[in-house]
Amino acid sequence: RQMCIRDRPQIKLYSYFRSSCSWRVRIALNLKGIKYEYLPIHLVKEGGQQNSEEFKKINPRGYVPALFIDGDTLIESLPIIEYLEETRPEIPLLPKNPRDRAVVRAICEIINAGIQPLQNLSVLQKVENELNGDKMKWAKDVIEKGFDGLEQFIANTKGKYCFGDTITMADIVLAPQAIGAFTRFGVDRTCLLYTSPSPRDRQKSRMPSSA
């Protein structure tokens, strides 16, 4: 039989407060009004709790987030959010039009594949400990380069939010990255989060008045 909402098992989120990927899932759960239990996994204490045998039974890769939902444990932030979108679509985080959905997903991947992995904890530890490099300079360089490309890409899609005037997955991915870049690495691109006129509104403002 089809599982009713009241029959669904308890939802549990394994997360770390500073993890931008975990932060994405928390935002999505909260925007959709989904109640969940927060289970902290500290990535630094005790040599990194994500490396424990206990947690690797939940996610063998040893990364957060992991979400227990509907009887299964899901990993990787974007597939988790896509699952929430498909199973709980009442508050949508993707546009209806296929082309628009592709654009929103592209914005997500610019960050998810092109910025975040290059400045996550394991990479920074490798840069510092194995390559004897300056981890802060490395992080700032890759974040700046990534944001330069992102800013150009969303120049024609941005309204109040990354894509038009409705919150989408793109904003869920951007917000933790922009805030983390500023608070952890001193890269200030928080201007990308500010409300601005959409391209259509800017075009209207340039049109001469008919009066």
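The structure contained in this document is the topic of the report that follows. (Residues numbered from 1 in each chain as written. Predicted model: local features only at pLDDT ≥ 70, side-chain atom pairs only at ≥ 80, totals over all residues. Heavy atoms only, no water.)

### Quick look at the overall build of the protein
The test is simple: In this description a helix means any DSSP run of H or I spanning at least four residues, a strand means any run of E spanning at least two, and both kinds are numbered starting from the N terminus. Exposure classes here rest on a 1.4 Å probe applied to the protein chains alone. A residue is buried below 20% of its type maximum, exposed above 50%, and partly exposed in between. In this analysis, two residues are considered to be in contact whenever any of their non-hydrogen atoms come within 4.5 Å of each other. Here, Shrake-Rupley sampling with a 1.4 Å probe gives the accessible areas, and only protein chains in the shown set may cover a residue.
Tallying secondary structure elements over the protein gives eight helices and four strands in all. From first element to last, N terminus to C terminus, the protein shows the α and β order β-α-β-α-β-β-α-α-α-α-α-α. Classification of the 211 residues of the protein by burial places 40% in the buried group. Considering only contacts in the protein between residues 6 or more positions apart, those separated by 24 or more positions represent 64%. Counting only carbon and sulfur atoms, one obtains 53% of the accessible surface of the protein, whose full area is about 12300 Å².

### Describing the layout of surface pockets
What counts is decided by this rule: Buriedness for pockets is judged along seven lines, at least five of which must meet protein on both sides within 12 Å for an open set on the 1 Å grid over protein atoms alone, while cavities are sets there where a 1.4 Å probe fits but cannot get out, and lining residues have an atom within 4 Å of a point. Grid points are joined across faces, edges and corners, and a volume is the space filled by probe spheres set on the points. Residues are sorted three ways: Asp, Glu, Lys and Arg are charged, Ala, Val, Leu, Ile, Met, Phe, Trp, Tyr, Cys and Pro are nonpolar, and all the rest, Gly among them, are polar.
Within this model, the largest pocket holds a volume of roughly 920 Å³. Along the walls of the largest pocket sit 41 residues, with Leu43, Tyr63, Gln116, Asn120 and Leu121 positioned nearest its centre. Broken down by element, the lining of the largest pocket gets its largest block of residues, eight residues, from helix H7 (residues 169–185). Among the residues making up the lining of the largest pocket, the classes are represented as 18 nonpolar, 18 polar and five charged.

### A closer look at the nonpolar core
Our working rule: Buried residues of nine kinds, namely Ala, Val, Leu, Ile, Met, Phe, Trp, Tyr and Cys, make up a nonpolar core once their side-chain atoms join them within 4.5 Å.
Within the largest apolar cluster, 40 residues are counted, with the highest numbers of intra-cluster contacts made by Leu67, Leu84, Ile143, Phe147, Leu150, Met169 and Leu174. The greatest single-element share of this core, amounting to eight residues, is contributed by H7. Leu67 has contacts with Ile11, Lys12, Leu13, Leu29, Asp72, Thr73, Leu74, Ile80 and Leu84, leaving out every residue within four places of it along the chain. Counting residues in each nonpolar core, the second largest holds seven residues, with Tyr16, Ile41, Phe55 and Ala66 among its members.

### Here we look at the packing of aromatic side chains
Quick reminder of the rule: Stacked, edge-to-face and tilted are the three classes for Phe, Tyr and Trp ring pairs, Trp counted by its six-membered ring, which pair at centre distances within 6.5 Å; planes under 30 degrees apart are stacked, over 60 edge-to-face, the rest tilted.
This model, assessed by the stated rule, comprises two aromatic pairs. Between Tyr16 and Phe17, the ring centres sit 4.8 Å apart and the planes meet at 65°, which makes this aromatic pair edge-to-face.

### Considering the sheet that holds strand E3 (residues 66–69)
How we decide: When DSSP finds at least two bridges between two strands, those strands are taken to pair. Angles here are taken between N-to-C directions and fall from 0 to 180 degrees, while the axes themselves are lines fitted to C-alpha atoms, restricted in helices to the stretch in contact.
Taken in spatial order, the four strands of this open sheet run E2-E1-E3-E4, and their pairing is mixed. Only two strands of the sheet have a single partner each, and these edge strands are strand E2 (37–40) and strand E4 (72–75). Taking each pair of neighbouring strands and ignoring which way they run, the sheet shows an average axis angle of 20°. As judged from the four bridges shared by E3 and E4, these two strands associate in the antiparallel manner.

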